[in-house]
Amino acid sequence: MEQLLQNTEDKVPVKFSSIGKTLIYVTGGLGIGVSVICIPFVSPALRKVCLPYVPATTEQLAGVTKALSGRCGRLLDVGSGDGRIVFTAATLGFKADGVELNPWLVYYSRIVALFNTRYHNTKFYRCNLWTFDLNPYENIVIFGVEQMMKDFEKKVLEETSNGTVIIACRFPLPNMKPIETIGHGIDTVWKYVVKK
Ligand SMILES: C[S@@+](CC[C@H](N)C(=O)[O-])C[C@H]1O[C@@H](n2cnc3c(N)ncnc32)[C@H](O)[C@@H]1O
Ligand SMILES: *[C@@H]1O[C@H](CO)[C@@H](O)[C@H](O)[C@H]1NC(C)=O
């Protein structure tokens with residue numbers, strides 16, 4: 001990735017070069033640094049759930065891809081991390097967005113999108129997932145933690161429309177019945193359809 005940023009920096013005019021340098025510096029530590037950062041939530045609105053940055057595995061990405069077959073339209077990755085699920089979805093033809101609390105992961109995702117024409121239709125919001133409106137999306141992907149899934153399921157049922165597909169990685173929604181379960185162990189992906 002440093003390589004990618006350095007290469008792209010060469011082609012970009014002066015305007016981006018200092019940002020590029022900062023990014024090279026930041027991304028250097030990102031891999032190790034961010035994976036151990038756990039955002040402590042203080043405000044009740046943010047809930048007392050710690051959702052750390054754990055990137056989706058290749059198996060999970062394959063599971064998400066499979067769960068998305070036959071689907072189209074808008075997609076949201078909730079807690080988009082480095083953007084890998086959003087980019088996978090964009091490659092599949094979705095109008096894909098990510099919402100992510102960690103600003104560095106948002107900047108990183110935006111820069112990757114900026115330098116890849118096939119990702120130009122993606123959008124990354126630096127925003128708290130609990131205050132982000134899920135309604136515009138026909139497809140929602142979440143790689144969460146167990147403690148948040150009950151509240152997330154409630155949010156989904158309140159905000160999404162009939163027919164919305166929810167794809168959960170690693171931890172399932174507690175009450176909804178999946179229409180498909182892909183993979184096993186930590187790489188399990190569950191697919192749900194909202195019925196209203
Ligand atoms: C388990 S990681 C998944 C990353 C990405 N979706 C993937 O699969 O590679 C969860 C992400 O959610 C982000 N996150 C944690 N709390 C959040 C919140 N309240 N709002 C938005 N994003 C949040 C973390 O920073 C982290 O990047
Ligand atoms: C909900 O969506 C399903 C397809 O996913 C459709 O068969 C059903 O008629 C819809 N229900 C309502 C109330 O619109």
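Look a little higher up for the structure.
Residues numbered from 1 in each chain as written. Chains lettered and ligands numbered in written order. Predicted model: local features only at pLDDT ≥ 70, side-chain atom pairs only at ≥ 80, totals over all residues. Heavy atoms only, no water.

Peer 1: Explain the site of ligand 2 to me, please; I cannot follow it from the model alone.
Peer 2: Taken together, Asn162, Gly163 and Lys196 make up the full set of residues near ligand 2. The side chain of Asn162 places a nitrogen or oxygen atom 2.4 Å from an oxygen atom of ligand 2. About the coverage of ligand 2: the protein hides 27% of its 360 Å² of free accessible area. (Near = heavy atom within 4 Å. Polar contact = N/O pair within 3.5 Å; in protein donor to acceptor, adjacent residues only side chain to side chain. Areas by Shrake-Rupley, 256 points an atom, 1.4 Å probe, with all protein chains shown as cover.)

Peer 1: Any chance you could explain the site of ligand 1 here in plain terms?
Peer 2: Among the 20 residues in the neighbourhood of ligand 1, the closest are listed as Ala56, Gly79, Glu100, Asn128 and Leu129. Separating a nitrogen atom of ligand 1 from a side-chain N or O atom of Asp77 is a distance of 2.9 Å. For ligand 1, whose free accessible area comes to 600 Å², the fraction covered by protein is 99%. A breakdown of the residues in the shell around ligand 1 according to their chemical character gives 13 nonpolar, 4 polar and 3 charged. (Nonpolar A, V, L, I, M, F, W, Y, C, P; charged D, E, K, R; others polar.)

Peer 1: Where do I start with the sheet that holds strand β5 (residues 165-169) in this structure?
Peer 2: Backbone-to-backbone hydrogen bonds join strands into a sheet, with any given pair of strands oriented parallel or antiparallel. Strand order across the open sheet formed by 7 strands is β3-β2-β1-β4-β5-β7-β6, with mixed pairing between neighbours. This sheet does not close on itself; its edge strands, each paired only once, are β3 (123-126) and β6 (180-182). Each adjacent strand pair in this sheet contributes to an overall mean axis angle of 20°, direction not counted. In this structure, β5 lies alongside strand β7 (residues 189-193), joined through 5 bridges in antiparallel fashion. Bridging across to β7, Ala168 finds its partner in Trp190. Against the sheet, helix α3 (residues 58-67) engages β4 (139-143), β5, β6 and β7, with an angle of about 25° to β7. Running at roughly 175° to strand β2 (residues 95-100), helix α4 (residues 84-91) makes contact with β1 (74-78), β2, β3 and β4 of the sheet. (Pairing = 2+ DSSP bridges. Helix = DSSP H or I, 4+ residues; strand = E, 2+ residues; numbered from the N terminus. Axes fitted to C-alpha atoms, helices over the stretch in contact; angles between N-to-C directions. Contact = heavy atoms within 4.5 Å.)

Peer 1: So what exactly am I meant to see when it comes to helix α5 (residues 103-114) here?
Peer 2: An α-helix turns once per 3.6 residues; consequently, residues spaced three or four apart project the same way. The terminal C-alpha atoms of α5, which comprises 12 residues, lie 16 Å apart, in line with the 16 Å expected from a rise of 1.5 Å per residue. Among the residues making up α5, those that are buried are Leu105, Val106, Tyr108, Ser109, Ile111, Val112 and Ala113. You can read the cap of α5 off the contacts: a side-chain oxygen lies 2.9 Å from the backbone nitrogen of Trp104, and it is on Asn102. (Expected span 1.5 Å × (residues − 1). Buried < 20%, exposed > 50% of the residue type's maximum accessible area, 1.4 Å probe, protein only.)

Peer 1: Looking at this structure, I do not really get the environment of Gly79. What am I missing?
Peer 2: For Gly79, the position within the fold is in the loop between β1 and α4. Accessibility expressed as a relative area gives 26% for Gly79, which makes it partly exposed. On a C-alpha basis, the gap between Gly79 and Pro52 in space is 9.4 Å, while along the polypeptide they are 27 residues apart.

Peer 1: Explain the pairing of β5 here, please?
Peer 2: Residues in a regular strand point their side chains to alternate faces of the sheet. In terms of burial, β5 is largely enclosed, as 5 of its 5 residues are buried. Burial of the side chains of β5 extends over both faces: Val165, Ile167 and Cys169 are buried on one face and Ile166 and Ala168 on the other. As paired elements, β4 and β5 share 5 bridges and run parallel to each other. When the sheet's bridge partners are listed, Phe143 is paired in β5 with Cys169. The β-α-β motif built from β4, the intervening helix α6 (residues 149-159) and the parallel element β5 has right-handed crossover chirality. (Right-handed = clockwise from strand over helix to strand, strands pointing away.)

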